[in-house]
Amino acid sequence: MTQAVPAPLRRAAEQLRRVAPTLHRAQTDFLADLIRIESYTGREGPAVERTLAEMEALGMRNVRTDSAGDALAEVGEGPFRLLYDAHLDENEVADERDWPNPPLQPTIREGRMYGLGASDCKGGVATIVYGAHLAARLGLAADCTITVQGSTLEEDAEGFAMRHLLETDGFPRPHAVLLAEATDLTLRRGHRGRCEIKVRVRGKPAHASTPELGENAILKTRPVLDALEAMTPHLPAHPVLGRGTQVVTMVESPRTPNTVPAWCELTLDRRLTPGETAESVLESVRRAVAGLDAHPYLPTQKVVSWTGRDLSGPAFFPGWLLDADDPLLEAGRLTCIALWGRAPRVDVWQFSTNGTYSAGVAGIPTLGFGPMEERYVHTPEDQVDLDKLLQGAMFYALFPLAYSIVRTSLPVM
Ligand SMILES: [Zn+2]
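Residues numbered from 1 in each chain as written. Predicted model: local features only at pLDDT ≥ 70, side-chain atom pairs only at ≥ 80, totals over all residues. Heavy atoms only, no water.

Novice: Can you explain unusual backbone geometry? Please cite residues and give values.
Specialist: The omega torsion across Asp120 and Cys121 is 10 degrees, close enough to zero to call that bond cis. Tracing the chain through its elements places Cys121 in helix H4 (residues 118-137). For Leu153, which is not glycine, the phi torsion reads 70 degrees and is therefore positive. Mapping Leu153 onto the fold places it in the loop between strand S6 (144-151) and helix H5 (160-167). (Helix = DSSP H or I, 4+ residues; strand = E, 2+ residues; numbered from the N terminus.)

Novice: I'd like a rundown of the coordination of the zinc ion, residues and numbers included.
Specialist: Ideal geometry at a metal centre gives angles of 109.5 degrees when four donors are arranged tetrahedrally and 90 or 180 degrees when six donors are arranged octahedrally. For the zinc ion, the full set of protein donor atoms is His87 (NE2), Asp120 (OD), Glu181 (OE) and Glu181 (OE), at a range of 1.8 to 2.6 Å. Coordination geometry of the zinc ion: the 4 donor atoms subtend angles of 51 to 138 degrees at the metal centre, consistent with an arrangement described as irregular. Here the donor residues for the zinc ion map to a single chain with the spacing H-x32-D-x60-E. Note that His87 is positioned in strand S3 (residues 80-87) and Asp120 in helix H4, a separation of 33 residues in sequence. Look at Asp120 and you get buried, because its relative accessible area is 6%. (Donors = N, O, S within 2.8 Å, 3.2 Å for Na, K, Ca; no water. Tetrahedral: all angles 85-135°; square planar, octahedral: opposite > 155°, others 65-115°. Buried < 20%, exposed > 50% of the residue type's maximum accessible area, 1.4 Å probe, protein only.)

Novice: Tell me what's going on with the sheet that holds strand S4 (residues 107-109), and back it up with residues and numbers.
Specialist: The strand order across the open sheet formed by 3 strands is S4-S5-S24, and the pairing between neighbours is antiparallel. Only two strands of the sheet have a single partner each, and these edge strands are S4 and strand S24 (383-385). Along the sheet, successive strands turn relative to each other by an average axial angle of 25 degrees, direction set aside. Alignment of strand S5 (residues 112-114) against S24, held across 3 bridges, turns out to be antiparallel. (Pairing = 2+ DSSP bridges. Axes fitted to C-alpha atoms, helices over the stretch in contact; angles between N-to-C directions.)

So, in structure tokens, the structure goes:
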């Protein structure tokens, strides 16, 4: 269903269609430069520097890094704070021989740019930087101050950098967050969460030649594994995001082949529905293995930023879902209709994003939109359609005005 587009938004969309193409070359060059820079998690320094240089060149305000080394800048002067986020770190190449083009060599073919991180998430960075710039240049920031964040550490510890920015660096809480991860120019309003759980089973060591003197921790995990598996059909389910899952992914024990093992540790990957907390998850596992001498805990994830900050924290990433009638979603829809004449698909992501912090922990309304396509994420075919890249920037340029229109026409509570 389409709806009427308010005249100011229609005029702004027309203006964007005229002006945006003049920046396409610069946006493409910026993305190519980002692809040339290897930026694995915790080693994003040079990619951050390159992003800061682009922000400077485009005349953004307050170009800086925070203490964890994210690239930040502002446009607009309004009281309403929008955070545009896309991450600069990228998934590591498993085997370069699987790649049709060298991963760090941006290659353009038939209107698409190929290269490592194109779809996750450097295309997103080029989208929000140019989107915010267009908003500033055409006076479309409306009543918003837009902070553009080229963030770090997302691949290993999504949300950790944003948590640090808000909770440690004292960045003012945004009213809304937009995530430029892959959505193929449609909208995403949430995803399941995830966490890691360790279950440690203790035994008693003895020489392997006299096993009767010990207590074998590996054998003791047998009923524990059964109890954990029996939890699966009873995990919380969600009408939109589906049922949570839980699977044993690792088994560890001492590397001593001639000793009865003193301990055995299981690792579980658990996918979460919104509302599950670290304590509720842990308690459900505790109940399941009660009486089996098994001890569940949430491990700490070691995370150090490229600036040397220790951001380690629990490996717990909550799920989230934006309300179907949230003004943020309405503004996203209206922006798409103003630009392309049709309402976009609204869905949820299969993977996890920085929204686990912004929405899942901090409760900030969060919406996903990006020009990249999910099917190329973390694959040797990593690529982004360059026309969509420009369309994506137009979305981010027009969004603040649409959001302002949607908010101000809402009944005052
Ligand atoms: Zn990503």
